[in-house]
Amino acid sequence: MNYRHMLSLVALGTIGTLQGQNAPYWQQKVDYKMEVNMDVKNYQYTGKQELTYTNNAPDTLKVVFYHLFLNAFQPGSEMDIRLQNILDPDSRMVTKKEVDGKTIKESRIASLKPEEIGYLKVNNLTQDGTPVKYHTEGTILKVELNKPIAPHSSTVFRMDFAGQAPVMIRRTGRNSPDGVALSMSQWYPKLAEYDYRGWNTSEYIGREFYGVWGNFDVKITLDKDYIVGGSGYLQNKNEIGFGYEDTGVKVPKVKGNTRTWHFYAPMVHDFTWAADPQFIHDKLDAGDGVTLHFLYKKYPEIWKRIQGDMLKTFEFYNQFVGPYPWQQYSFIQGGDGGMEYAMCTLIKGEDDYRSLLGTAIHELGHAWFQHILASDETLYPWLDEGFTTYIQDLATSRITGEAPFVSLYRSYDRYVKSKYEETPTHHSDRFNTNYAYSTSAYVKGSLFLRQLEYIIGEKQVEKTLQLYFKKFAFKHPQPHDLIRCAEEVSGMQLGWYLNEFMQTPDHVDYAVDKVEGKGAQTQITLRRVGRVPLPVDVFVVDKSGKTHYCYIPLRMQFGQKANPYSYERQVFPDWGWAYPTYSFEVAIPFENIQKVIIDPYHISTDIDRSNDTFQP
Ligand SMILES: [Zn+2]
């Protein structure tokens, strides 16, 4: 089926979505209608929100929760206190000060004045026309319902809210480092997700997001000179005199001081926008009805130059993972680094081409791993950051010719040797350091897939991602869903891999233990030093320079990968997990052995390469 056609069916709710072994899969749905008025002088806005919430859970809901993310940008918030206590605070969120010859890092949130903070205030809230009781704790609003929401029924919430875009501390707010006036992410009261685990009510401390799928209809009224870009399709380009087709055309005069931009974003789980009176707008036809938009004001040469490379990257992701289902994607200058949103990204300008290229390739990858495959970033940041980094490296190598994954292995090795490594099963806000969070999410998460190539083969990993996309687009996949796809594609048992590599503090380390002559044969003994088991590739090179590829499958994988090398392969009996060593014989006399080497192309994450090789 044409994927875009499928999107419209999903949006209409005509496709039943089933998955899993025991319970049928379900997910909540919420449709937003919002009208906001932004005062560009004091960064304050008021809004009306109408939200139609459909409870697809088998449970009756007596309460609902919303996120009020902007409340994090206030002195004394958990985000502020966390900044003051974490060992390695994000450099964007602190100011450095010299005190008695020591560098002290101070939270920028702690010193925000009332007119600089962020806030979201709910002024009244009704459920199906009747006021409900609610209260706010930090960044979470709890609502006690008058009328419980029965399974498979809908209810309508209406609220008035007021907000203030903070001085930019992290991701969102006013006057980005590039001077973009408004970077409006996490800017509206957002319904929390309810899934089989219950309500996701994580306080906003710094880390990422998890949202409810639905349609967003958003009208933004602001100063007539501002140009707006973001999630969704512009509905009234003729009326407001700004066509997304009219590249570079000056906005015509309008009556009054404001204009209203009307956007509609079907089947997304967030809505973000940015605005500036000096935005330059370019667009590129990406084929199949999709347009790439670029909105920027600083470093125009670099932002022009990147467009062709983004088209190549877009084409690669479409073919490698699956077809992009919406008709537009926007690269918008804004924010404080690079951050993915529905149908768009906000990226800091960057005066260095390679740096902007890396960020833009990464953020575009998130259109797939987060905005189509919407895993829970608070619990499994590696599922989107790691997988995005994996396809980012593949896309980058196609553009720059750089070898993929090399720097990732280096980062992982450094991390393992550091004293900061943590098991990637923490909630993403609970890691002791930002370093541990980011290395486990981005680096270990991408090497999870890379190492899966070692187990099932490179082509099979590509097929696994395609199946994962096909089965879980517009859903909330979990780590085991990816594993089940890999099992389906490879015919192997792989549950052990998720557990051993991502849910324990353990490592991969295989060693060549002994190599000895046995008449005309040579016996090779390997040792599993690390606790994470893997199948093993061994190259035995004889003195004529000929390579003999020996493959030892892991017993619990119940299968063999296809031979990835051009050398002839000998498959040996399985190695069971409990056996610390494994011996096998090759038909080469010991005197004729030049070298024995485990995992010769370093595809596994083996943490000690010094014991991988034997040379007589
Ligand atoms: Zn990312």
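Residues numbered from 1 in each chain as written. Predicted model: local features only at pLDDT ≥ 70, side-chain atom pairs only at ≥ 80, totals over all residues. Heavy atoms only, no water.

A. Examining the coordination of the zinc ion more closely. Those donors, His362 (NE2), His366 (NE2) and Glu385 (OE), are the protein atoms that reach the zinc ion, and they lie 1.9 to 2.0 Å from it. All donor residues of the zinc ion come from one chain, and their arrangement in sequence is H-x3-H-x18-E. With histidine 362 in helix α5 (residues 353-365) and glutamate 385 in helix α6 (residues 381-400), the pair connects residues that are 23 residues apart, well separated along the chain. Residue classification places histidine 362 among the buried positions, given a relative accessible area of 7%. (Donors = N, O, S within 2.8 Å, 3.2 Å for Na, K, Ca; no water. Helix = DSSP H or I, 4+ residues; strand = E, 2+ residues; numbered from the N terminus. Buried < 20%, exposed > 50% of the residue type's maximum accessible area, 1.4 Å probe, protein only.)

B. Just empty space enclosed by the protein, in detail. This structure, assessed with the given rule, holds four cavities of 30 Å³ or more. Reported here for the largest cavity is a volume of approximately 80 Å³. Classifying every residue of the lining of the largest cavity by side-chain character gives five nonpolar, five polar and four charged. Quantified by volume, the second largest cavity comes out at close to 70 Å³. (1 Å grid on protein atoms, 1.4 Å probe; cavity = no way out; pocket = protein on both sides within 12 Å on 5 of 7 lines; lining within 4 Å. Points joined across faces, edges and corners; volume = space filled by probe spheres on them. Nonpolar A, V, L, I, M, F, W, Y, C, P; charged D, E, K, R; others polar.)

C. Looking closely at the sheet that holds strand β25 (residues 344-347). Reading across the sheet, the five strands line up as β21-β22-β23-β25-β24 and stay open at both edges, with mixed pairing between neighbours. In the strand order of this sheet, the two ends are held by β21 (280-285) and β24 (338-341), each with one partner. Sheet twist, expressed as the mean angle between neighbouring strand axes with direction ignored, is 15 degrees. The sheet contact formed by strand β22 (residues 291-296) and strand β23 (residues 328-333) spans five bridges and is parallel. What sits directly across from leucine 295, in β23, is isoleucine 332. Contacts from α5 reach β23, β24 and β25, with the element oriented near 150 degrees to β25. (Pairing = 2+ DSSP bridges. Axes fitted to C-alpha atoms, helices over the stretch in contact; angles between N-to-C directions. Contact = heavy atoms within 4.5 Å.)

D. Structural detail: the packing of aromatic side chains. One pass over the structure, following the stated rule, counts 57 aromatic pairs. When the centroid spacing of 5.0 Å and the interplanar angle of 80 degrees are considered together, the rings of phenylalanine 539 and tyrosine 565 count as edge-to-face. Here phenylalanine 539, found in strand β28 (residues 536-542), pairs with tyrosine 565, found in the loop between β29 (547-552) and β30 (569-571); they are 26 residues apart in sequence, far enough to count as distant. The pair formed by phenylalanine 539 and tyrosine 565 is uniform in burial state, with each residue classed as buried. Relative to tyrosine 601, the ring of tyrosine 565 has its centre 5.4 Å away and its plane inclined at 25 degrees; by these criteria the two rings are stacked. Here tyrosine 601 lies in the loop between β32 (593-598) and β33 (613-614) and tyrosine 565 lies in the loop between β29 and β30, a separation of 36 residues in the sequence. The positively charged end of arginine 305 is found above the aromatic ring belonging to tyrosine 353, 3.7 Å away from the centroid. When the ring centre of tyrosine 454 is taken as origin, the NZ or CZ atom of lysine 561, which lies over that ring, is 4.6 Å away. (Phe/Tyr/Trp six-rings, centres within 6.5 Å; stacked < 30°, edge-to-face > 60°. Lys NZ or Arg CZ within 6 Å of the ring centre and 35° of its normal.)

E. Region of interest: the packing of helix α7 (residues 406-417) against helix α8 (residues 434-456). Between α7 and α8, the shortest axis-to-axis distance is 10 Å and the interhelical angle comes to 130 degrees. Considering the angle they form, α7 stands oblique to α8. Where α7 crosses over α8, the handedness of that crossing is left-handed. When α7 is examined against α8, the residues Leu408, Tyr409, Ser411, Tyr412, Arg414 and Tyr415 are found in contact with a partner set consisting of Tyr435, Ala436, Thr439, Ser440, Val443, Lys444, Ser446, Leu447 and Arg450. (Parallel < 35°, antiparallel > 145°, perpendicular 65-115°, else oblique. Left-handed = near helix turned anticlockwise from the far one by under 90°.)

F. Representation of the pairing of β32. Summarising the sheet, β28 and β32 pair through five bridges and their orientation is antiparallel. Opposite phenylalanine 539, over in β32, you have isoleucine 597 as the bridge partner. Relative to β33, β32 is paired through two bridges, and the arrangement is antiparallel. In the strand pairing of β33, valine 596 is matched with phenylalanine 614.

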